[in-house]
Amino acid sequence: MKDQRDTAASRYRRATQIARTGNDPAEFFGFVNPPVVHASTVLFPDVETSFAGTQRYTYGRRGSPGVDALCNVMNALEGSESTILVPTGLVACTVPLAAVTKAGDRVLIVDNAYAPTRKFCDGFLTRFGVEVVYFDPLDVETYARLLKSPTAAVFLEAPGSLTFEVPDVPLLAGMAKEVGATVMLDNTWATPLYFRPLDHGCDISMHAATKYIAGHSDLLLGTISANGEAAEKVKKTWDEWGEHVGPDDVYLTYRGVKTLDVRLERHQRNARIVAEWLAADPRVHRVLYPALPGAPGHEIWKRDFSGATGLFAITLKGDRESAARVVDTLDLFGIGFSWGGFESLATLPMVQRVRTATTWPEDEQLIRLHIGLEDPQDLIEDLDRGLAAFAG
Ligand SMILES: *Cc1c(COP(=O)(O)O)cnc(C)c1O
């Protein structure tokens, strides 16, 4: 039988890579999918082998066929040499930060980073002597000035959590590389199907696979993909911290990623229909969906991204109570954190609470929507009812 891992070769197009990369069925009796190995102990034939480092698997924490299968797919999609798995998307953000910094270093963190990432920076990193500086992703002049002081790492997210600003990643990454900083990007929104950070000057790409990659709202998992020296540093910290993901979640993520392409096509189509309807509604102040012509960040999104997913925000001019009424009135949009599953969700975050380098207008309420796989016409009718509650 042919070696399945060979199909990761770039001669194949994306859909083929997703369908055919991962495990080699010939290695496990021809079964199409990789085995789910529940394992801590792995046995060696003799003492010499146990120290030689030649056996493929040596201990539960150090890999298994299922882990390899998922990492092979992620490497093919990200264009990376190395992917490691961690228990959550948050860990995927914190391990690289810890891996490339030491006491006395300084890091630049994009102001619209996922809020728990900020918490790690303000807590753990600060406590261990790393100086944390937040910056506005759209203010290149200030960013350039900040880079004049020695900087160990730059942390980006594109587009940013909640507010969907699209940074000029090649520009910001290029400027950071000039001063020798490691550039990492939380790529959860776009997935590696619609944006490949390593092709745009970043050193490390991270995902909450919890979201679209696993895609069914039933598990938490993070991935970190990188090349060369950055990959070595990340792997070292990952190993020192003893990160591990249970085999069932690895398997479910592998199963999820196999349909990522088709799911995202539908999320994108539905989101576009709903976003266009919202953009035409006078009750809506702004639609923050980079894929929408005229939306903030659209031009850069069009230049750098090959698609958009189902997560965006709308803003309403008014008080928080009225906006809460909208969200409370919705039937099809569950009120829940997370996103990337098959179901639609809505949240009413407190934006200014998680910003320090930028300001969010007090009279503009932001509702974040995840557009799921329901019929978009039903979602529109639901939003229409919700917005009526705002007006009333
Ligand atoms: C959800 C999320 C994370 C964290 O993922 P968990 O698996 O929930 O820890 C990180 N970054 C972004 C942008 C997210 O949306």
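Residues numbered from 1 in each chain as written. Predicted model: local features only at pLDDT ≥ 70, side-chain atom pairs only at ≥ 80, totals over all residues. Heavy atoms only, no water.

1. Here we look at the overall build of the protein chain
Thinking step 1. The secondary structure content of the protein chain amounts to 14 helices and twelve strands.
Thinking step 2. Relative to a compact globule of 392 residues, whose C-alpha radius of gyration would be 21 Å, the protein chain shows 22 Å and is just as compact.
Thinking step 3. Each principal axis of the C-alpha distribution contributes one length, and for the protein chain these read about 75 × 50 × 35 Å.
Thinking step 4. The buried share of the protein chain, reckoned over its 392 residues, is 54%.
Thinking step 5. A total accessible area of about 17,400 Å² is found for the protein chain, and carbon and sulfur atoms account for 53% of it.
Thinking step 6. If you average the places of the 39 positive and of the 51 negative side-chain charges in the protein chain, the two averages end up 2 Å apart. (Helix = DSSP H or I, 4+ residues; strand = E, 2+ residues; numbered from the N terminus. Rg over C-alpha atoms; globule rule 2.2 N^0.38 Å. Buried < 20%, exposed > 50% of the residue type's maximum accessible area, 1.4 Å probe, protein only. Areas by Shrake-Rupley, 256 points an atom, 1.4 Å probe, with all protein chains shown as cover. Lys, Arg positive; Asp, Glu negative; His and termini not counted. Charge placed at Lys NZ, Arg CZ, Asp CG, Glu CD.)

2. Examining the side chain of Thr182
Thinking step 1. Within the fold, Thr182 resides in strand 5 (residues 182–186).
Thinking step 2. Aside from chain neighbours lying at most four places away, what touches Thr182 is Val100, Ala152, Ala153, Val154, Asp203 and Ile204. (Contact = heavy atoms within 4.5 Å.)

3. Considering the sheet that holds strand 6 (residues 204–208)
Pairing between sheet strands relies on hydrogen bonds along the backbone, with the strands arranged either parallel or antiparallel.
Thinking step 1. Within the open sheet, the seven strands sit side by side as 1-7-6-5-4-2-3. Their pairing is mixed. Of all strands in the sheet, those with a lone pairing partner are strand 1 (82–86) and strand 3 (131–135), marking the two edges. Across the sheet, the mean angle from the axis of one strand to that of its neighbour is 20°, orientation sign disregarded.
Thinking step 2. The pairing of strand 5 with strand 6 spans three bridges and is parallel. The partner of Leu185 across the bridge, within strand 6, is Ser205.
Thinking step 3. Across the sheet, helix 5 (residues 115–127) lies against strand 2 (106–110), strand 3 and strand 4 (153–157), angled at about 155° from strand 3, the strand it touches most. (Pairing = 2+ DSSP bridges. Axes fitted to C-alpha atoms, helices over the stretch in contact; angles between N-to-C directions.)

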